[in-house]
Amino acid sequence: MTLYGRMPEIPTPRPGTRLEIAAGDWQFGRGQDPGQPFTLVVSETRTALAQHYGNEWVWITGHAEDCADDHRPCREALVRTAKLRQTQEAVSAAH
Ligand SMILES: [Zn+2]
């Protein structure tokens, strides 16, 4: 057993996944208005830092929907992992 084995698993949405995140499901973001829902197109899920939040929150970097594909991720947010789990299940169910 590892130290982190008891924490919930962190879903890692694949790059390009479009996440529609409710206002209460993210915090500490960059590139969008606080307290508003927003859409994030995933670039990277940075699971290494999630242990600091008991794996209940994870940093995700990405882009807005209308971003051109010519720059490094311009948005990031600390997203509730429970929200990601719902999204993953929805994706699985659709296939
Ligand atoms: Zn961008």
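Residues numbered from 1 in each chain as written. Predicted model: local features only at pLDDT ≥ 70, side-chain atom pairs only at ≥ 80, totals over all residues.

Caption draft 1: Expanded view of the nonpolar core. Counting residues in hydrophobic clusters, the biggest one holds twelve residues: Ile21, Trp26, Phe38, Leu40, Val42, Ala50, Trp57, Val58, Ile60, Ala77, Val79 and Leu84. Those elements giving two or more residues to this core turn out to be β3 (38–46), β4 (57–63) and β5 (75–80). Dropping the residues within four chain positions of it, Leu40 is found in contact with Leu19, Ile21, Ile60, Gly62, Arg75 and Ala77. (Core = buried A, V, L, I, M, F, W, Y, C linked by C-beta atoms within 7 Å. Buried ≥ 20, exposed ≤ 12 C-beta atoms within 10 Å, placed from the backbone. Helix = DSSP H or I, 4+ residues; strand = E, 2+ residues; numbered from the N terminus. Contact = placed C-beta atoms within 7 Å.)

Caption draft 2: Highlighting the sheet that holds β3. Judged by pairing direction, the sheet is antiparallel, and its five strands sit side by side in the order β1-β3-β4-β5-β2 without closing on themselves. Looking at which strands have only one partner, the edges of the open sheet turn out to be β1 (18–21) and β2 (26–30). Sheet twist, expressed as the mean angle between neighbouring strand axes with direction ignored, is 40°. Sheet topology places β4 next to β5; six bridges connect them, and they run antiparallel. Bridge pairing in β5 places Ile60 opposite Ala77. Across the sheet, helix α1 (residues 81–94) lies against β1, β4 and β5, angled at about 90° from β5, the strand it touches most. (Pairing = 2+ DSSP bridges. Axes fitted to C-alpha atoms, helices over the stretch in contact; angles between N-to-C directions.)

Caption draft 3: Layout of unusual backbone geometry. Although it is not a glycine, Phe28 adopts a positive phi angle of roughly 55°. On the basis of neighbour count, Phe28 is assigned to the exposed category, with 11 C-beta atoms found within 10 Å. With a phi angle near 60°, Asn55 is a residue other than glycine that sits in the positive phi range. Its location among the elements puts Asn55 in the loop between β3 and β4. The partly exposed category is assigned to Asn55, around which 16 C-beta atoms lie within 10 Å.

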